[in-house]
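Topology and contacts: notes
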Amino acid sequence: MSDCLFCKIAAGEIPSNKVYEDELVYAFHDIDPQAPTHFLVIPKAHIASCGEVTADNSAVVARAFEVIARVTRELGITDFRVVSNCGPQAGQTVPHLHFHVLAGRDMTWPPG
Ligand code: AMP
Ligand code: ZN
């Protein structure tokens, strides 16, 4: 999508601090980290949110979780939280599917 921030980051048109990249997904450090480790995993193809996942595009979701396991393992992280906000009321500010990966501090439950 031409005017989507995360499409532009995945395409390298806007700089980011890359953590991982393959043909399906891109991972990069959050610009406003909410924990000592906070990176985002996004599909390279535009999907607006978790609410837009279908049988036709869900392979990238499996890949995203493979990447989350791989990157956290490489960073030596065993305890972490994966969050995907869907819709403004849930806190989504960028309408391109992304998984937050947060680690390095105590987490509370339920989230605010
Ligand atoms: P959400 O609010 O769940 O939609 O998450 C969007 C996340 O994107 C927030 O945690 C922002 O800090 C992060 N973010 C926004 N712009 C950038 C950027 N240019 N580079 C890295 N992270 C960003
Ligand atoms: Zn997009």
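Here the structure is shown first, and the text comes after it.
Anyway, here's the lowdown on the structure attached to this text. What you are looking at is a predicted structure, and each value in this text was computed from that prediction instead of being measured.

Cys4 (SG), Cys7 (SG), His46 (ND1) and His96 (ND1) make up the full set of protein donors to the zinc ion (ligand 2), lying at 2.1 to 2.3 Å. Metal-centred angles of 105 to 116° between the four donor atoms at the zinc ion (ligand 2) mark the site as tetrahedral. Mapping the donors of the zinc ion (ligand 2) onto the primary sequence yields the spacing C-x2-C-x38-H-x49-H. Of this pair, Cys4 sits in the segment before helix 1 (5-10) while His96 sits in the loop between strand 4 (81-83) and strand 5 (99-103), and the two are 92 residues apart along the sequence. With respect to class, Cys4 is no different from His96; both count as buried.

Attention shifts here to the pairing of strand 5. Among the five residues of strand 5, five are classified as buried, and the element is accordingly described as predominantly covered. Where burial is concerned, the two faces of strand 5 agree: the one with Phe99, Val101 and Ala103 and the one with His100 and Leu102 are both buried. Alignment of strand 3 (residues 37-43) against strand 5, held across five bridges, turns out to be antiparallel. Considered in strand 5, the bridge of Thr37 is made with Ala103. Bridge analysis of strand 4 against strand 5 gives three bridges, and the strand direction is antiparallel.

On to the nonpolar core, then. Nonpolar side chains tend to gather and get buried jointly when the protein is soluble and globular. Grouped together as the largest cluster of nonpolar side chains are 15 residues, with contacts concentrated most on Tyr20, Val25, Phe39, Val41, Val67 and Phe99. When contributions to this core are tallied by element, the ones reaching two or more residues are strand 2 (25-29), strand 3, helix 2 (59-74) and strand 5. With six residues, helix 2 is the single largest residue contributor to this core.

Next up on the list: helix 2. Relative to the 22 Å expected for 16 residues at 1.5 Å per residue, helix 2 spans 23 Å between its end C-alpha atoms, a close match to the ideal helical length. What helix 2 keeps buried is the set Val60, Val61, Ala64, Val67, Ile68, Val71 and Thr72. Buried residues of helix 2, viewed axially, fall in a sector of 120°; they line one side. Residues of helix 2 that are exposed and point over 90 degrees away from its buried face: Ala59, Arg73 and Glu74. Of the surrounding elements, those touching the buried residues of helix 2 are strand 1 (18-21), strand 2, strand 3, strand 4 and strand 5. Residue Gly76 follows helix 2 closely and has a positive phi angle near 75°.

So, about the side chain of His96. Given the relative accessible area of 0%, His96 is considered buried. Engagement of the side chain of His96 in a polar contact is seen with the backbone oxygen of Pro43, the distance being 2.8 Å. One polar contact links His96 to His46, side chain to side chain, over a distance of 3.3 Å.

Here is what the cut-offs are and how they apply
- Residues numbered from 1 in each chain as written.
- Chains lettered and ligands numbered in written order.
- Predicted model: local features only at pLDDT ≥ 70, side-chain atom pairs only at ≥ 80, totals over all residues.
- Heavy atoms only, no water.
- Donors = N, O, S within 2.8 Å, 3.2 Å for Na, K, Ca; no water.
- Tetrahedral: all angles 85-135°; square planar, octahedral: opposite > 155°, others 65-115°.
- Helix = DSSP H or I, 4+ residues; strand = E, 2+ residues; numbered from the N terminus.
- Buried < 20%, exposed > 50% of the residue type's maximum accessible area, 1.4 Å probe, protein only.
- Pairing = 2+ DSSP bridges.
- Core = buried A, V, L, I, M, F, W, Y, C linked by side-chain atoms within 4.5 Å.
- Expected span 1.5 Å × (residues − 1).
- Arc of directions from axis to C-beta.
- Contact = heavy atoms within 4.5 Å.
- Polar contact = N/O pair within 3.5 Å; in protein donor to acceptor, adjacent residues only side chain to side chain.

Note that every value here comes from positions in space, so none of it alone points to a role or purpose.
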